[in-house]
Amino acid sequence: MARCDQGYLCDVCGQDVEQITESDLYLRYVMGEVSPLALPKERERHIRCNPATAQYIVDPAFEPVVCSGVFAKEGLDAVFVHEQEDRVTRAWQRLQEIPTLGIPITEYPLPEVQAAWRNQTTV
Ligand SMILES: [Zn+2]
């Protein structure tokens, strides 16, 4: 996140979301779950403060997050969990690279998300 006077406060813990790399909102944007138009209006959260999504990030550089309750991946269909892990982990890895890529925000999403958007007449 850009450091501005207002800052972006996490909807869950109330702390500053200082970096785009720790932003749940931008992670979901990279996955295509948030449209570019909705991005400025959505609430901000830390990735770690949203265990239902963060539990699917499987990377040595990411300390695993455990999600309990009905959304815990241990209780979900193995094929679904595998697909989620692949998709969320790739999105997280891309998000970690974004600050060094020097690309416009419209090119943040995963390649398949950008392709899908190009094929739509409306977003
Ligand atoms: Zn938080």
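**As for the overall build of the chain**
- A count of helices and strands for the chain gives four helices and zero strands.
- Starting at the N terminus and walking to the C terminus, you meet the elements of the chain as α-α-α-α.
- Overall, the C-alpha framework of the chain stretches about 40 × 35 × 25 Å when taken along its three principal axes.
- Across the 123 residues in the chain, those meeting the buried criterion constitute 37%.
- Contacts spanning at least 24 positions in sequence make up 50% of the contacts within the chain whose residues lie at least 6 apart.
- By element, 52% of the accessible surface of the chain is carried by carbon and sulfur atoms, the whole surface being about 7,700 Å².
- Separation between the mean location of the 11 positive side-chain charges and that of the 19 negative ones in the chain comes to 4 Å.

**Thoughts on the nonpolar core**
- By size, the foremost hydrophobic cluster in this structure holds 25 residues, and its most contacted members are Leu27, Ile47 and Leu95.
- Counting only elements with at least two residues in this core, the list comes to helix 1 (24–30), helix 3 (78–101) and helix 4 (111–118).
- If you tally residues by element for this core, the top one is helix 3, at six residues.
- Residue contacts for Leu95: discarding those within four places in its chain leaves Ile20, Thr21, Ser23, Tyr26, Leu27, Val30 and Ile47.

**A few points about the packing of aromatic side chains**
- Counted under the stated rule, the structure contains five aromatic pairs.
- For the pair Tyr29 and Trp117, a centre-to-centre distance of 5.9 Å together with 40° between the ring planes defines the contact as tilted. Of this pair, Tyr29 sits in helix 1 while Trp117 is found in helix 4, placing the two residues 88 residues apart along the sequence. For the pair Tyr29 and Trp117, one class covers both residues: buried.
- Among the aromatic side chains, those forming a connected cluster through ring pairs are Tyr26, Tyr29, Tyr108 and Trp117.
- The ring of Phe62 carries Arg48 above its face, with NZ or CZ at 4.8 Å from the centroid.

**Thoughts on helix 4**
- Buried within helix 4 are the following residues: Val113, Gln114 and Trp117. What you see down the axis of helix 4 is that its buried residues fit within an arc of 100°, all on one side. Every exposed residue of helix 4 that faces more than 90 degrees away from the buried side is listed here: Pro111 and Arg118.
- Next to the buried residues of helix 4 lie helix 1 and helix 3.

**Here we look at the coordination of the zinc ion**
- Around the zinc ion, the protein contributes the donor atoms Cys10 (SG), Cys13 (SG), His46 (ND1) and Cys49 (SG), at 2.0 to 2.3 Å from the metal centre.
- Angles of 102 to 118° at the metal separate the four donor atoms of the zinc ion, which places the site in the tetrahedral class.

**So, the side chain of Asp24**
- Along the polypeptide, Asp24 turns up in helix 1.
- Ignoring anything within four residues of it in the chain, the contact list for Asp24 reads Glu44, Arg45, His46, Ile47, Asn50 and Thr53.

Calculation rules
- Residues numbered from 1 in each chain as written.
- Predicted model: local features only at pLDDT ≥ 70, side-chain atom pairs only at ≥ 80, totals over all residues.
- Heavy atoms only, no water.
- Helix = DSSP H or I, 4+ residues; strand = E, 2+ residues; numbered from the N terminus.
- Buried < 20%, exposed > 50% of the residue type's maximum accessible area, 1.4 Å probe, protein only.
- Contact = heavy atoms within 4.5 Å.
- Areas by Shrake-Rupley, 256 points an atom, 1.4 Å probe, with all protein chains shown as cover.
- Lys, Arg positive; Asp, Glu negative; His and termini not counted.
- Charge placed at Lys NZ, Arg CZ, Asp CG, Glu CD.
- Core = buried A, V, L, I, M, F, W, Y, C linked by side-chain atoms within 4.5 Å.
- Phe/Tyr/Trp six-rings, centres within 6.5 Å; stacked < 30°, edge-to-face > 60°.
- Lys NZ or Arg CZ within 6 Å of the ring centre and 35° of its normal.
- Arc of directions from axis to C-beta.
- Donors = N, O, S within 2.8 Å, 3.2 Å for Na, K, Ca; no water.
- Tetrahedral: all angles 85-135°; square planar, octahedral: opposite > 155°, others 65-115°.

Purely geometric stuff here, so don't read any function into it on its own.
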